[in-house]
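Structure assessment
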Amino acid sequence: MSEESQVRAFYSGKNFFITGGTGFVGLCLIEKILRSIPDVGKIYLLMRPKKGKEISERLQEFPDNPVFEKLLETESKDIFNKLVPISGDVGSENLGLSAEDRQILIDNVNVVIHSAATLDFEESLKPTVQINVLGTRRIMNLCQQMKNLKVMVHVSSAYVNSYLTEVHEKIYDPPADVESIISMTEKLTEEALIGMERTLIKDHPNTYTFTKHLAEHEVMKHSDKFPCTIVRPTMIVASWKEPVIGWTCSKVGPQGFLMGAAKGVVRRLPLAKNIIADYIPVDVVVNQLLVAGWNAGQSKSGLTVYHCSSSTQKPFKWLMLEPVVNNMLHNYPLKSAVWYPYLDFVSSLWLFRLSAIFVHFIPAILLDMLLRITGGKPILFRLHKNVWNSLNRLEKFIFTEWKFHNPKTIELNEKMNKTDREKFYIDIETISWEEYFVNLHLGVRKYLNKESENTLPAARSKQSILKVAHIVWQVLVIILVWFIVSCLSGFTMIQLAWCPPVIYSLYSFL
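Predicted model, so just to flag it, every value in this text is computed and none were measured.

Here is what the cut-offs are and how they apply
Residues numbered from 1 in each chain as written. Predicted model: local features only at pLDDT ≥ 70, side-chain atom pairs only at ≥ 80, totals over all residues. Heavy atoms only, no water. UniProt positions renumbered as here; feature names shortened; annotations may be inferred. Helix = DSSP H or I, 4+ residues; strand = E, 2+ residues; numbered from the N terminus. 1 Å grid on protein atoms, 1.4 Å probe; cavity = no way out; pocket = protein on both sides within 12 Å on 5 of 7 lines; lining within 4 Å. Points joined across faces, edges and corners; volume = space filled by probe spheres on them. Nonpolar A, V, L, I, M, F, W, Y, C, P; charged D, E, K, R; others polar. Contact = heavy atoms within 4.5 Å. Buried < 20%, exposed > 50% of the residue type's maximum accessible area, 1.4 Å probe, protein only. Arc of directions from axis to C-beta. Phe/Tyr/Trp six-rings, centres within 6.5 Å; stacked < 30°, edge-to-face > 60°. Salt bridge = Lys/Arg side-chain N within 4 Å of Asp/Glu carboxyl O. Disulfide = S-S within 2.5 Å. Pairing = 2+ DSSP bridges. Axes fitted to C-alpha atoms, helices over the stretch in contact; angles between N-to-C directions.

Turning our attention to the UniProt feature "domain: Fatty acyl-CoA reductase C-terminal" (unreviewed entry) in the chain. The feature "domain: Fatty acyl-CoA reductase C-terminal" (unreviewed entry), as annotated in UniProt, sits at residues 360–451 in this numbering. Overall, residues 360–451 shows 71% helix and 2% strand. The separation of its end C-alpha atoms is 24 Å.

Structure below.
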């Protein structure tokens, strides 16, 4: 007889309050709770109207999200009655809560999981302080008023300490005096703050990591009053096992560029293939949030910090995927592809910029012209321009190797019994990265590009046509360059017979 799940027993009958519940991690978290802890109490979700839809309308859309497919195989839609929308916003004073809703949370909530944050690396200091720092402070103040709070779980980021290349599971000294930063954002104009930003954030690469670092100290200030735990995920990617292999709704990181690569519009990727890239599947993150909360909830107070990471336990390097990435794209093509897919890794930004002119921008201009002629919306040039403009901000994350040590996470895994290690797995020791990325690509194909397995025969037929078109295009480019060299040099094309292989080699190098 298998042991009882201690994690499920801890959360049984308890009421949750979750911020960020409509995001990538939030949706997967809600699904996991409903499926693995069906005897949970209410799940209060802090939500705000979006795209003209009230929060009740947004909640009604949940059952249609593919993340809940597995749940609905065994449960009716009545399970969603456990979800209670609460109108509010972490970026607003008092969380934007009505007095009535605030009292409901104070009287009923036992577990808080704070996931909401602004993740935009390009955002200025004023809004990131308002959401990431003051938003966390508002959550912690609300937690302090809750009558029967058992644990508070804060979703941070491993990159809050990205000014270090080796990071441990502890709280590091704050990068600035939080009250001074808050005061500046309240008193100074946006323009003045932007001018001072680089000085204020010091060694942090952007306002996101800076404000998330300060937010951890907001949590720590309250850890003597009730149990708190901080989980720091690295780059969160598609699901490994649950609820559906390869599920994602995020276009960040490898999911986004594989989406573009499968379309045939992203053909070069700047990265250092020999260094460790720290990826962690979203289902592992969700499990660790729940397990960390269970463990912290055994105490009356205190703070625990965990890295949810792979770099020191099961490291991944793009070098491992380089031999198979194009086979993956060609074996599972898209019916909606606009060009024959081919992805090559580029080791520096200057080389990527050079190659992007020829393999991204020139084809994008031609394809956008074709889209205009056929009545479509030209988006490719703008897409590549946005990538180009973001490169300097992303350079540190592309070409830096971090090691996020996770002995406390390994110890946490050992604390669980066999049932919980299977049901709430956080050990990534058995992950096969090559197999995982094939599944990630299939997930991107299905959930981001919206193409089912039924489209594969048509997609493969189209790919054959696109391959011929690609070869013809390359031949025409070589002939054109050959002709231009002939005109400029005064030699005939026959005399320059050595040109085509040289041009092809240079073209391949780009």
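All right, on to empty space enclosed by the protein then. One pass over the structure, following the stated rule, counts two cavities of 30 Å³ or more. Computed from the structure, the largest cavity encloses a volume of approximately 40 Å³. If you trace the largest cavity, you find it lined by Cys28, Glu31, Lys32, Arg35, Glu242, Pro243, Asp283, Val286 and Asn287. Put simply, the parts of the chain that give the lining of the largest cavity at least two residues each are helix H2 (24–36) and helix H11 (282–296). Looking at which element gives the most residues to the lining of the largest cavity, the answer is H2, with four residues. Residue composition of the lining of the largest cavity, by class: three nonpolar, one polar and five charged. By volume, the second largest cavity is sized at about 30 Å³. Taken together, Ile280, Val284, Gln288, His307, Cys308, Ser309, Gln313, Asn406, Thr409, Ile426 and Ile428 make up the lining of the second largest cavity. Sorting the residues of the lining of the second largest cavity by element identifies H11 and strand S11 (302–308) as the ones contributing at least two each. Here the residues of the lining of the second largest cavity are counted per class, giving five nonpolar, six polar and no charged.

With numbering matched to this structure, UniProt assigns "domain: Thioester reductase (TE)" (unreviewed entry) to residues 18–288. Between the end C-alpha atoms of residues 18–288 there is a gap of 15 Å, over a span that is 39% helix and 14% strand.

The subject of this paragraph is the environment of Leu193. For Leu193, the location among the structural elements is in helix H8 (residues 190–201). Placed 69 residues apart in sequence, Leu193 and Ser124 show a C-alpha to C-alpha distance of 8.1 Å. When near neighbours in sequence (up to four residues on either side) are disregarded, Leu193 contacts Leu125, Lys126, Met184, Thr185, Leu188 and Leu200.

Of all the residues in helix H5 (residues 99–108), the buried ones are Asp101, Arg102, Leu105 and Ile106. Down the axis of H5, the smallest arc covering the buried residues is 140°, so these residues share one side. Turned more than 90 degrees away from the buried face of H5 sit Ala99 and Glu100, all of them exposed. Where H5 is buried, its residues touch strand S1 (16–19), strand S2 (43–47), strand S3 (83–87) and helix H6 (125–145).

Under the criterion given, the structure shown has 26 aromatic pairs. Ring plane angle 55° and centroid distance 5.5 Å describe the contact between Phe316 and Trp433, whose orientation is recorded as tilted. Of this pair, Phe316 sits in the loop between S11 and helix H12 (325–331) while Trp433 sits in helix H17 (residues 433–448); the two residues are 117 residues apart in sequence, bridging distant segments of the chain. Judged by its relative accessible area of 0%, Phe316 falls in the buried class. Look at Trp433 and you get buried, because its relative accessible area is 4%. Note on Phe361 and Trp388: the rings are 5.5 Å apart at their centroids and 75° apart in plane angle, and the pair reads as edge-to-face.

With that settled, consider the layout of surface pockets. One water molecule sets the probe size; rolling that probe over the atoms shows where empty space is left. Of the pockets and cavities examined, the second largest pocket occupies roughly 490 Å³. Every residue lining the second largest pocket is counted, 26 residues in all, and those nearest its centre are Arg267, Trp339, His470, Trp473 and Tyr507. With 10 residues, the top contributor of residues to the lining of the second largest pocket is helix H13 (residues 349–373). In the lining of the second largest pocket, the residues fall into 17 nonpolar, six polar and three charged.

Attention now moves to the pattern of salt bridges. With the rule as written, the count across this model stands at 16 salt bridges. Put simply, Lys32 and Glu242 hold a salt bridge, and the shortest N to O gap is 2.8 Å. Here the residue Lys32 occupies a position in helix H2, and Glu242 occupies one in the loop between strand S8 (235–237) and helix H10 (254–263), the gap between them amounting to 210 residues. Note on accessibility: Lys32 and Glu242 belong to one class, buried. Here Glu93 and Arg138 are joined by a salt bridge, their closest N and O atoms 3.9 Å apart.

Bringing unusual backbone geometry into the picture now. Trans is the prevailing form of peptide bonds, just as negative phi is the prevailing case for residues other than glycine. The residue after Glu242, namely Pro243, is reached through a cis peptide bond having omega -10°. If you trace the backbone, Pro243 turns up in the loop between S8 and H10. Phi at Asn94 takes a positive value of approximately 55°, unusual for a residue other than glycine. With respect to the helices and strands, Asn94 occurs in the loop between S3 and H5.

Glancing now at the state of the cysteines. Per the counting criterion, the structure on display carries zero disulfides. Of all cysteine sulfurs, the one in Cys28 lies closest to Cys249, which takes part in no disulfide; the gap is 8.8 Å. Counting only cysteine sulfurs, Cys487 is the nearest neighbor of Cys499, a cysteine outside any disulfide, at a range of 12 Å. By relative accessible area, Cys499 is classed as buried at 3%.

It is worth spelling out the environment of Pro378 at this point. Checked against the element boundaries, Pro378 lands in the loop between H13 and helix H14 (380–399). For the pair Pro378 and Asp368, spaced 10 residues apart in sequence, the C-alpha separation works out to 4.6 Å. Non-local contacts of Pro378, meaning those with residues more than four positions away in its chain, are made with Asp368, Leu371 and Arg372.

Ordered by their spatial adjacency, seven strands build an open sheet running S3-S2-S1-S4-S5-S7-S11, and the pairing between neighbours is parallel. Two strands in the sheet have a free side with no partner beyond their single neighbour: S3 and S11. Strand-to-strand, the axes of this sheet are offset by a mean angle of 20°, without reference to chain direction. Sheet topology places S1 next to strand S4 (residues 111–114); four bridges connect them, and they run parallel. Following the sheet pairing, Phe16 is matched in S4 by Val111. Those strands touched by H11 are S1, S4, strand S5 (151–155), strand S7 (227–233) and S11, and its axis lies near 160° from that of S7.

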